[in-house]
Every structure is written in structure tokens, then in C-alpha cells.
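Structural description and commentary
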Amino acid sequence: MKTAVPARPHAALLFVSIAPLVASCGFEPSAAPRSYELDASTIEALDGYPDVQGQIRGALAMLYGTPQEPRYMVTGRWLDDGYDPNYPRYAAADGGSGAFDDAQLDALQADNERRFSKQLALLEAKRFEEVRVRRMPELDAYWRDVLGRSEELGDGFADQARRTFVEYYPTLSESAELYRRQCLHCHGNSGGGDGPTAASLSPRPRDYRRGIFKFTAVKDKARPRREDLLRILTEGVNGTAMPSFRRFSDAQLHGLIDYVMLLSKRGESERLLVAGFEADEVLTAEMVVETYMEVEDKWRAAEDYFVAFDGVIPEPTPAMIARGRALFEDDARGGCAKCHGVSGRGDGDSAYKDPEHTISAYDDDWGHPIFPRNLVGGIFRGGKRPIDIYRRIYSGINGTPMPAVGESTGADGERLLDDDAMWALVHYVRSLSERPDGFGLVPIAHVARSERGDTDASAKHEGPDPVGQGGAGR
Amino acid sequence: MITRLVATVLLLLVPVLGVWTFVTAPANGWWMPPTVSTFGPDIDYLFYLILWMVAFFFVLTEAILVYSVFVYSRKRADKATFSHGNHKLELLWTGIPAALLLVIAFSQMGTWAKIKFRGNIPEGEPLAHVWASQFDWRFQYAGADGVFGTMDDIENPFEFVVPVGEDVLFNLHSRDVLHSFSVLEFRLKQDAVPGMSIPVWFNCRETGSYELICMELCGWGHYKMNGRVRVVTREEYDAWITEKQADLMSNGMEERS
């Protein structure tokens, strides 16, 4: 009698069970995309001009490189000045972009010494062959190269070896790789906020391509400063899916910022080129280079728009908070209640089209409906420090209907809100989410101890906070 | 004959590789990191108790299996014989596991009570409120006035800074879905449940940085939901709090580059 059992069932079983394990070893994410995509608005605007689309695509690749090899083109003027945005670590006249001063470079170096303490200890012990950086393949390859030239370097080798690690700063392509691993799934290959996980998020991830960033320390809708982007990376954006990325070293975070800036500049250049073409119906090489330099200059000027408060922040006294409340509700001065509502819950009538407050009256610059922040919830995306709120009120929130009132003046030419009034508003806004009684929930431990034998009755107090600590708000 | 040998050897590989994996794991860095919390050794004791029980019965049953396959294999043409079973044996293999389960159940009671019972939680106000959300951790401290929910509260993302050698009590919250606060070195794991404020405590005996991992699959970003517990001396902790307070009241001028 014949059976259907294979002659060697065990071997087959073994193979079936081990094959997936073997296959999953050494798994690498798929390679970098070959090119950046054009924005949907570009394709729409240039519908019927496939040649121009191709030209813009080519021009942008020439100016900013590709995802595999992102790289700024260095123009003649930059070459003369010694300016090169590809190397942020070097001074602006020294073949770099001068992103850091000496103190910042020292801090970067100190952080590298912490991060690479294992490698540096091995170098110290002269166990050069054991020094590896498996998680950073480019740095590892560079180190192998230095090691391979040890004889040629002679006495300089020890110094060169140490500098390999303490002066580590990622290249744009290394940062692009880190971006692909950590950021792309939300922010997209071209920084359009259109990665695969973006669709499931509210609020949507930032689209960098307009150069507009919401939470910065600059006014007049200027480009963000490096420090502003770093703050977002280290603090995260509370109430959104943007987490803190403190697990990475300072050098890696600055590398990510370099790459985000490149994506942002690329997107902005794209929009300007399309606008220029629509105006003149031609696209010349001069236009391309001029646009490129214009965008770069905007970013270089960011520091000129810095906003801070040069003085001591006044104490949040009850009188101060009462004054803030009056300003908040005064339509002629603060005017906050128009959108944020008298209660501060984001229920002011002018923010909505309908009396039921379901349809937003405004879209943000990215075309998404936008609702005023519920200030009672205690979550402030741009940070909850007084200076953070001050900046939101002073400079507005770029890309949204939140206006800049810090420098607006009345009919008499005086500032509508002087420094004291600004801080009164800030303190009032911060006081809205104050809730010292029963913060979060009643700590159960204390109930159990203080009312022993009555835990069931006290458990009834432990409902969720009615004013909503949780929730991202709108 | 060859089939029988191959089958036996393959089967034998299971216990041999299984035991080998465990024996070599610590040398390969696959084992649990050494514990640094006060209740860690209690958890480890239970872990090893159960591990040794499981190891003993694993080896025993595998040995019987391998032996049976080798000795009792028959040619395919042989007919199977019907057997009704053995009452005494069945009593034995029900009774022994039941007794072992009771041993485990009773030996863990004290440890569970010590760590999780509300009555045994350290006295006093919590050091912090810990907020889990998709996909990060935020740590809220009471600030100078010692009261939570006021304007001078300090919020820190990613890093939970705590003093060494002290009972650290915190309340765990979730803003959205289930998360789990887990630090391997502390042998501590506690789910965060939306709408609940769960008191959790630990006492770490050594300064250092320990990885905080979300141990509950919480969505597509679960893999990147980690944080850090930095255990420092009391002086360093106080200095850190002072520094955070200064940052909170900053006028922003030092951010100029």
C-alpha cells in the first residue's frame, strides 16, 4: 500500500522552520529612492508642459542632488566667498556654512566623546583592530580607511584616529539614511508630509516644502533657525505623533536638521520656479540659480528675526492674571476670545462656519482645516514655557490663522500690547490649564491608606479628569 | 533503519540545542541584564525557580520522546495496537503539575504583594506623573511648589530622571491606548491604561542610564517608543530640577546663537 507521506518528512520540516530565520538575517530596508518627487501642485500647474516639468526636475536634482546623494550645488559666488552649505561644521568663509560657533562645536565634541567612549577607550589602550562602529556604516568605513593608512600617517595616526570620533559630524547622505529610517514613514521621501503612515495621523505631519514651520523663535514668517528645529527634535511636539528624538547624539540630530533644511529649500525652490515660469512662460538657467540663492539667503537670515524677551519675566500674580483675562476677552486688544472662546476651550464663534462649531472657518497653509487650540487641556504643541507661549502670541503661528500681535500698533501708533500686557496674556493662558486639585486622577495609594476599609467608596472619585488631561485636542 | 536514526538525531537536536541556547545565552549577551532595583532579586528568584522546573521537565520529556522514537518505531506496514490508557499514570501527570502550580502560586504571593499591593506602596507624594502616548513618554514633575497641575510643573520628554537609593513613586497614565512601562534592569513592568492613574514604584540601587521600553504593542510606531531612566545621586537630581526650573522661566535670550 502506498502512502502520501514524503520519504524525508523531517528534513522538509526542518527546512520550513529554519528558512524564514535564515532569510530574515541581514535584512536591510530597501535602498534609497532614486529621486525626489515633484509636488502635486507643480504637476497640476504645469499640466501640458511636460518639458518644463522635466526641466524643473532636472534643475532641482542639479541644485540639491538625489535621496541617494543629497548635495548642494556650490555657485560661483559662494565659491568666491568660501561659503558651502554642504559642510555646516566649518566657518562660512572657510568652505562651510558656519552653522556653529566655537562653544557649540565644543559641545558637539563633548557629546561625541560620551557617545564614542567605548571606541575612544580602545584607542587609548591601542587596541585599534577592535574599534568598530557597527551602527554607523559610513563612519565605520571611514575609520577602517584611517586604520589602513596608519603606517603612512606615522606619528599623526593617534591624533587622526581620535579626531575621527570626537569630530564626527554626519554627511548629508548619512543623515538622509537616518531620515529614511526614522522620519520618512511620516514626512515622506521629499519632505512632503506624505509618508506611508501620514494618512493615519491627526494632525498631519509637517510638509517641509514651503519652508513654513509652526513652532519657532522667529517673527515675520521667517525661516526657522537651527536651534528651533533642534528644539522640536529634542522636545517632540506634545499632543501629536512627533516624538522626542533624544536617543540620537547631538551630531546626528544636527545632521537630520541639515537634511530637513535641504528638503525644505528644495521644496521652496520648486514652488518659486513654478511661480516664475507661470509669470514669464520661460525657465532660464539664471532664474534657476537666482531662485536657489534667494532661498538659501532666506534661511541664512533667520537669526535676524529672532524673538526673545530681554528682561525678567513678571511674576504671575492674581492681578496680572486678571489683567490677562481682560485682554484675552477684549476684541480690540488681545482679541483671543474671538477664536479661542471666552472659556479658552477653542470655541469662539469666528473660528467656525456654523453655530454648532463643527465646520472650521479656516484652512492652514497646507490646505487642512484648522481649529483653535483648546487652552484648557494643558497641551501646548510648541512648548508650555512662558517664553514659548509669548512667542506664539508675539509672532503668531506660521502657516495658521493665529496672528502676530507682538508688534501690532493701534491708531495712535502705540503697541496694542506692551511687554506687561503680553506677559499678562501669557500668564492667563497658562493659568487656564491649572488644576492643582485632583491633578490627573486621585492617587489611589493615598486613598487606600487614609480611608482604610473604605476603598470601594473612594474609588468612585477616580473617574477620568472631566476637563480632559488626555487627548490631543484638535 | 536510516530513517529511524535520522528521526532520532533530529529529535535529539531539539533538547540539545534548546539547552545549549540557554547555557550559552549569558556569554552571548542574550540574557537579562543584572538587576539594580531592590525588588529585582525577588523577581529573579521566581524566574530561576520556574526556569529550573521547566528545564527539568523539558529535558525529561524530551528524553522520553527521543527514547520512544528510537525504541518503539515500527515499519510502516505494522498495525497500531489499541491501548485504553493507564489510570494511575494519568493521576500522576495531573497531580504533579497541579502541585507544582500551587508551589509557584504560593511562592510568588509575597513578592507580588510587596511590589504591587497598594498598601505596600511607599508613603508620600509621587515624584512624577508619567504620560504615555503614541509614541513617546513624558515625565511631569511638581516643580518648586510641590503641587501637580500648577504653572510651575516641569515637563520632560524621553528622559525620566530619578534619585538613586530612594523609593521612587510615580503615577502612570496613558493618553490614548494601552502602553506598558518596562525597565529590564529594574525587573519592572506595568501597563498604562487610558483613564487610570496607576501608582508604580521602584528603588534603584545604582546610578546609570537604563532603557525604558514600551512593552505593549501600541500601534505602528511601537518599535520606536523608548525612553531612558537616568538614575543620579540626590545632589545631581536636585541640580537637574533647578536647571529645568531655570529653563522653564527662561526669557529665551540664551537661545540666540
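Definitions and cut-offs
Residues numbered from 1 in each chain as written. Chains lettered and ligands numbered in written order. Predicted model: local features only at pLDDT ≥ 70, side-chain atom pairs only at ≥ 80, totals over all residues. Heavy atoms only, no water. Helix = DSSP H or I, 4+ residues; strand = E, 2+ residues; numbered from the N terminus. Buried < 20%, exposed > 50% of the residue type's maximum accessible area, 1.4 Å probe, protein only. Contact = heavy atoms within 4.5 Å. Areas by Shrake-Rupley, 256 points an atom, 1.4 Å probe, with all protein chains shown as cover. pLDDT = per-residue confidence, 0-100. Pairing = 2+ DSSP bridges. Axes fitted to C-alpha atoms, helices over the stretch in contact; angles between N-to-C directions. Disulfide = S-S within 2.5 Å. Buried area = accessible area lost by both parts, 1.4 Å probe. Salt bridge = Lys/Arg side-chain N within 4 Å of Asp/Glu carboxyl O. Polar contact = N/O pair within 3.5 Å; in protein donor to acceptor, adjacent residues only side chain to side chain. Nonpolar A, V, L, I, M, F, W, Y, C, P; charged D, E, K, R; others polar. Core = buried A, V, L, I, M, F, W, Y, C linked by side-chain atoms within 4.5 Å.

Check the secondary structure of chain B and you find four helices and 10 strands. In chain B, the succession of α and β elements from N to C terminus is α-α-α-β-β-β-β-β-β-β-β-β-β-α. Principal-axis analysis of the C-alpha atoms gives chain B an extent of 90 × 45 × 35 Å. Evaluated residue by residue, chain B yields a buried proportion of 39% over its 257 residues. Counting contacts in chain B only where the partners sit at least 6 residues apart, residues at least 24 apart contribute 67% of the total. Carbon and sulfur atoms form 67% of the exposed surface of chain B, whose accessible area is close to 14,200 Å².

Secondary structure assignment for chain A yields 20 helices and two strands. When each of the 474 residues of chain A is scored for burial, the buried share is 49%. The contacts of chain A with a sequence gap of at least 6 include a subset with a gap of at least 24, amounting to 58%. Split by element, the accessible area of chain A, about 23,700 Å² in all, is 53% carbon and sulfur.

Per-residue pLDDT for chain B has a mean of 92; in total, 98% of the residues score no lower than 70. Of the two predicted TM-score estimates for the complex, the pTM is 0.86 and the ipTM is 0.85.

In this section: the sheet that holds strand 6 (residues 179–183) of chain B. Residues and elements named next belong to chain B. The strand order across the open sheet formed by five strands is 4-10-9-6-7, and the pairing between neighbours is mixed. Of all strands in the sheet, those bounded by a partner on one side alone are strand 4 (159–163) and strand 7 (188–192). On average, each strand axis in the sheet is inclined to that of its neighbour by 25°, with strand direction left out of account. Across two bridges, strand 6 lies against strand 9 (residues 208–214) in antiparallel orientation. In the sheet register, S182 faces strand 9, and the bridge partner there is I213. Across the sheet, helix 4 (residues 234–248) is in contact with strand 4 and strand 10 (226–232); its angle to strand 4 comes to roughly 135°.

The next thing to look at is the pairing of strand 10 of chain B. All names here are of chain B. Summarising burial for strand 10: five of the seven residues are buried, a large majority. Note that strand 4 and strand 10 share five bridges and pair parallel. When the bridges of strand 10 are listed, E159 appears paired with R228. Sheet topology note: the strand 9/strand 10 ladder contains six bridges and is antiparallel. Paired with I213 across the two strands is N226, which belongs to strand 10.

To continue, consider the state of the cysteines. One pass over the structure, following the stated rule, counts zero disulfides over all chains. Sulfur of C186(A): no disulfide; nearest cysteine sulfur belongs to C183(A) and is 9.0 Å away. Here C218(B) stays unpaired: no disulfide links it, and the sulfur of C214(B), its closest cysteine neighbor, is 4.0 Å away. The exposure class of C218(B) is buried, given its relative accessible area of 5%.

Let us now look at the environment of G406(A). In this fold, G406(A) is placed in the loop between helix 17 (386–395) and helix 18 (419–431). In this view, G406(A) contacts I393(A), Y394(A), R415(A), L417(A) and M422(A); residues no more than four positions away in its chain are not counted.

Interface size is commonly expressed as the accessible area that is lost once the parts come together. Contact with chain A, which involves 63 residues of that partner, is made by 51 residues of chain B. Between chain A and chain B lies a buried interface of about 4,900 Å² when both sides are counted; carbon and sulfur atoms form 55% of it. Put simply, chain A and chain B have five salt bridges between them. Across the salt bridge formed by D247(B) and R385(A), the nearest N and O atoms sit 3.0 Å from each other. Along the contact surface separating chain A from chain B lie 19 residue pairs in polar contact (both at pLDDT 80 or more). For the side of chain A that touches chain B, the secondary-structure elements that each account for two or more residues are helix 1 (9–24), helix 5 (102–115), helix 10 (172–182), helix 11 (184–187), helix 12 (226–235), helix 17, helix 18 and helix 19 (444–450) of chain A. Per-element tally for the side of chain A that touches chain B: the top contributor is helix 19 of chain A, with five residues. Grouping the amino acids of the side of chain A that touches chain B by side-chain chemistry returns 25 nonpolar, 19 polar and 19 charged.

This brings us to the side chain of K384(A). Structurally, K384(A) is set in the loop between strand 2 (369–370) and helix 17. Filtering out sequence-adjacent residues up to four positions away, K384(A) remains in contact with I389(A), R430(A), Q140(B), D153(B) and E155(B).

Turning our attention to unusual backbone geometry. Here the amide bond leading from S202(A) into P203(A) is cis, since omega sits at 0°, within 30 degrees of zero. Locating P203(A) in the fold gives a position in the loop between helix 11 and helix 12. Between Q134(B) and the following residue, F135(B), the backbone shows a cis peptide bond with an omega angle of 0°. Phi is positive for K126(A), which is not a glycine, with a value near 60°. Mapping K126(A) onto the fold places it in the loop between helix 6 (117–124) and helix 7 (137–148). The class for K126(A) is exposed, based on a relative accessible area of 59%. Phi at E281(A) is positive, roughly 60°, even though this residue is not glycine.

This part takes up the nonpolar core. Counting residues in hydrophobic clusters, the biggest one holds 42 residues, and the most contacted among them are I56(A), Y64(A), Y179(A) and L283(A). When residues of this core are traced back to their parent elements, those giving at least two are helix 3 (50–64), helix 10, helix 12, helix 13 (250–280) and helix 14 (285–300) of chain A. If you tally residues by element for this core, the top one is helix 13 of chain A, at 11 residues. Sequence-distant contacts of Y179(A), that is, excluding residues within four places in its chain, are made with L184(A), H187(A), G188(A), N189(A), G191(A), Y208(A), L256(A), Y259(A), V260(A) and L263(A). In this structure, V162(B), L212(B), C214(B) and W240(B) belong to the second largest nonpolar core, which totals 40 residues.

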